[in-house]
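Residue-level structural notes
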Amino acid sequence: MESHLPYRLAIRIAVITLLLITAGPSHAKDPLDVFELDAVSTNGNFELPEPEDWNYAQLGQLEILTDAKLNNAERLLNNFQKFADALSIVWPIASNNQRPATLIICGNNGSFKAFLPQERQNENGYFSLFRQDEERSVIILDFERLNYDLTLHNKFLRLQVDYQRQLYREYARFLFEQTQPKLPPWLLEGNLQIIMDIDFTDRVIKLGELDTTRGTPDPAEIPPEAELVYVPAPLTDFEETASENDEFTVELEGHKEGIVTLESVIEFWTADPPFNIALARSPLLTMEELFSLRNEEYESLNPLVDFAWAKQAHAFVHLCRYGANGKLKPSFETFVRRLENEPLSEQLFEECFEMSYDSMLKKLYNHIRYPHHNYNYVKLKKDAQLQASPITFAKASQSVIGRIKGDAQRLAGLEDAALLSYRVALAHGNPDSELLAALGVASFREKRFERARQLLDIAVTRGTKRPSALIALARLRLDAAVASASDKPLAPEQVGDVLLPLLKARQNGSTTAELYATMAAAWELSAIPPNQVQIELISEGVLLHPQESQLALRTAQFYVAIGEIKNAKRSATLGLKHAASSKWQGRLEAFLERLPADSAQRRNES
């Protein structure tokens, strides 16, 4: 099976659509006629909440919902646009399949809490979220929180929230999460920390420059009774080797004495400290500990408060990308590239860096103590300077509010809250196709299939582009067709009725395993087998999801039916390599053993 270029796939999908003999979509009554009294699940009497007050805008493909003051939101978004433009210049992050994304800026009456489980609603240092699934992504920002607490070097600190840096972080993560292969947590976090430190004006972009004094207190804000410890200015600004007895110092800009010990001034720190401050005097994790954090542990990590691992990841990646006069960068790039196909081990590390974990840890300590480094500097031409497009906000309809909030709550794991948001929005009236699609998919997941079918039919008729809704409708149509066929093969119009929403989902960017599995299941039950063009579309799913053993086997069987033995073997072999269980491994092995030789093999044997 060869990989398929996007334009070939678009043509193939269009051809298949024309080949289908499709039945027209079923006509359902308006959802408010059907569900007028069932918009919200209740226990006893239910009082419909008052309509919510949010504003809505679009920035390219990004949907924005906010209940913050508009002048503050607009200022944040103007800066964000320039950041996104700057990042695309100095660190273009290629996306394989960019998902629809939503940015929710919460700024009124604790609205951020609606997206958090009860146990995390008052958690310290938790004021932004990034969540995603195969279909969409959401960034949620708490624009009300002013401060968070941190204990650093045995001192209690109250630090200022930097909304812009948090938005930089979540947007960059949104981009990285859509790349393949997935980055290991330490590399992802190191990259995010570097990007959070980006500095730009309309014509100058600096990436990789460490803001070594971020959060340094203003001398005017330090109480006069504070016991600061002054030290003489060093004779040189560079040391070859850091010692554990070296004194960590801070320069107070504008202060008459200039340099003080970190220990005497740390309690007056004001913002998220850079790694040279955060890790000063702190024991470092071993390199093995740094590399071994699992994805699920990373998801639950709060890097602003549980900062030791995050700051060390930043320090290591920064050292390799920008420190040591660039000497480590080629080794680092080789290391990252090999990790795409090889398991992490100290032997692999030593082969790439020509040093042990312990030796690297010493270099890392030196970089934390004396973080001398290069950085990327870009000066733009006058006619190419960073700009922000005007953003036009409008009052959001209850349908849009319910759909966006419900989607975000679902992605955050709050299924009940999501369902309530969808249903309340429906009860307020005038639902759009995307709200109906979202509620239809939620009903499908609840196994309320009749209601889901009615909602999804209406949503698709009204033009929803939500892939999960199209796939769920196809699944419901397939189940209905099988039930009515009484063990007979499906007629062409029944198969077409199933395939049409699947093809629309694929045109709208969906490449989920469920899409291809439903497509293959429909053809397996069809009275008319698929042709080569149709099989090749299914085979795309095998390439994207080789662990889907049943899909690989079905695709191989389809190829055998049209005499494409070579492609059948490729599909089954790929499925066998990634077999999900011993059961499927046995079935794929048995299939390959029974597979007849293709024409080229027969010629060679003769």
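Now for a description of the structure that goes with this document. (Residues numbered from 1 in each chain as written. Predicted model: local features only at pLDDT ≥ 70, side-chain atom pairs only at ≥ 80, totals over all residues. Heavy atoms only, no water.)

1. Some thoughts on the packing of helix α22 (residues 549–561) against helix α24 (residues 582–594)
Selection rule: Note on geometry: axes are lines fitted to C-alpha atoms, helical ones only across the stretch in contact, with angles between N-to-C directions running from 0 to 180 degrees. What counts as a helix is a DSSP run of H or I of at least four residues, what counts as a strand is a run of E of at least two, and both are numbered from the N terminus. Angles below 35 degrees are treated as roughly parallel, those above 145 as roughly antiparallel, those between 65 and 115 as roughly perpendicular, and all remaining angles as oblique. Left-handed describes a crossing in which the near helix is turned anticlockwise from the far one by less than a right angle; the clockwise case is right-handed. Pairs of residues are marked as contacts when any of their non-hydrogen atoms sit within 4.5 Å. Side-chain classes are defined by residue name, with Ala, Val, Leu, Ile, Met, Phe, Trp, Tyr, Cys and Pro counting as nonpolar, Asp, Glu, Lys and Arg as charged, and the others, Gly among them, as polar.
With their axes 10 Å apart at the nearest point, α22 and α24 run at an angle of 15° to one another. With respect to α24, the axis of α22 lies roughly parallel. The handedness of the crossing between α22 and α24 comes out as left-handed. Where α22 approaches α24, its residues Ser549, Gln550, Leu553, Ala556, Gln557 and Val560 are matched on the opposing element by Trp584, Arg587, Leu588 and Phe591. For the contact of α22 with α24, a count of residues per class yields 6 nonpolar, 3 polar and 1 charged.

2. A closer look at the sheet that holds strand β13 (residues 394–395)
Applied cut-off: Strands qualify as paired when DSSP identifies two bridges or more between them.
The 6 strands are arranged β4-β5-β3-β2-β1-β13 in an open sheet whose pairing can be described as mixed. Since the sheet does not close on itself, it has two edges, and those belong to β4 (128–132) and β13, each with one partner. In this sheet, strand β3 (residues 101–106) lies alongside strand β2 (residues 62–66) in parallel orientation, the contact comprising 5 bridges. Bridging from a neighbouring strand, Ile64 pairs with Leu103 of β3. Along the sheet face, helix α4 (residues 163–176) touches β3, β4 and β5 (137–142) and points at about 170° away from the line of β5.

3. Let's talk about the side chain of Gln81
Test applied: Pairing of N or O atoms within 3.5 Å defines a polar contact, subject to two protein rules: one partner must be a possible hydrogen donor and the other a possible acceptor, and residues neighboring in sequence count only if both atoms are side-chain atoms.
The topology assignment puts Gln81 in helix α3 (residues 70–90). Looking at Gln81, its side chain comes within polar contact range of the main-chain nitrogen of Ser389, at 2.9 Å. When sequence neighbours within four positions are dropped, the list of residues in contact with Gln81 reads Leu59, Gln387, Ala388, Ser389 and Ile391.

4. Looking at the packing of aromatic side chains
Cut-off, in case you're wondering: Pairs were defined over the aromatic rings of Phe, Tyr and Trp, the Trp ring being its six-membered one, requiring ring centres within 6.5 Å. Orientation was assigned from the angle between planes: stacked under 30 degrees, edge-to-face over 60, tilted for the rest. For each residue, the accessible area found with a 1.4 Å probe, counting protein chains only, is set against the maximum for its type, and the residue is called buried under 20%, exposed over 50%, and partly exposed in between.
All chains considered together, the criterion is met by 25 aromatic pairs. Aromatic side chains Phe349 and Tyr357 sit 4.9 Å apart centroid to centroid with 70° between the ring planes, which places their arrangement in the edge-to-face category. Across this residue pair, the class does not change: Phe349 and Tyr357 are buried. Aromatic ring contacts, followed pair by pair, group Trp186, Phe291, Phe316, Phe332, Phe335, Phe349, Phe353 and Tyr357 into a single cluster.

5. Notes on helix α16 (residues 433–445)
Our working rule: By this rule, a helix spans an expected 1.5 Å times one less than how many residues it contains.
Taking 1.5 Å per residue as the helical rise, α16 with its 13 residues ought to reach 18 Å, and the 18 Å between its terminal C-alpha atoms agrees with that figure. The backbone nitrogen of Glu434 lies 3.2 Å from a side-chain oxygen of the residue at the head of α16, namely Asp432. Trailing α16 by a residue or two, Lys447 shows a phi angle of about 70°, which is positive.

6. Some details on the pattern of salt bridges
Cut-off, in case you're wondering: Basic side-chain nitrogens of Lys or Arg form a salt bridge, by our definition, when they fall within 4 Å of a carboxyl oxygen of Asp or Glu.
Enumeration over the complete set of coordinates arrives at 32 salt bridges. Linking Arg165 and Asp197 is a salt bridge whose minimum nitrogen-to-oxygen distance equals 2.8 Å. Here Asp197 lies in the loop between α5 (185–196) and β8 (199–200) and Arg165 lies in helix α4, a separation of 32 residues in the sequence. Per residue, the accessibility class of Arg165 equals that of Asp197, and both read buried. Notably, a salt bridge pairs Glu434 with Arg466, separated by 3.9 Å at the nearest N-O pair. Of the two residues, Glu434 sits in helix α16 while Arg466 sits in the loop between α17 (449–461) and α18 (467–485), which places them 32 residues apart along the sequence. Under the relative-accessibility criterion, Arg466 is labelled buried at 3%. Residues joined by salt bridges that share partners form a network here, namely Arg165, Asp197, Arg214, Asp272 and Lys311.

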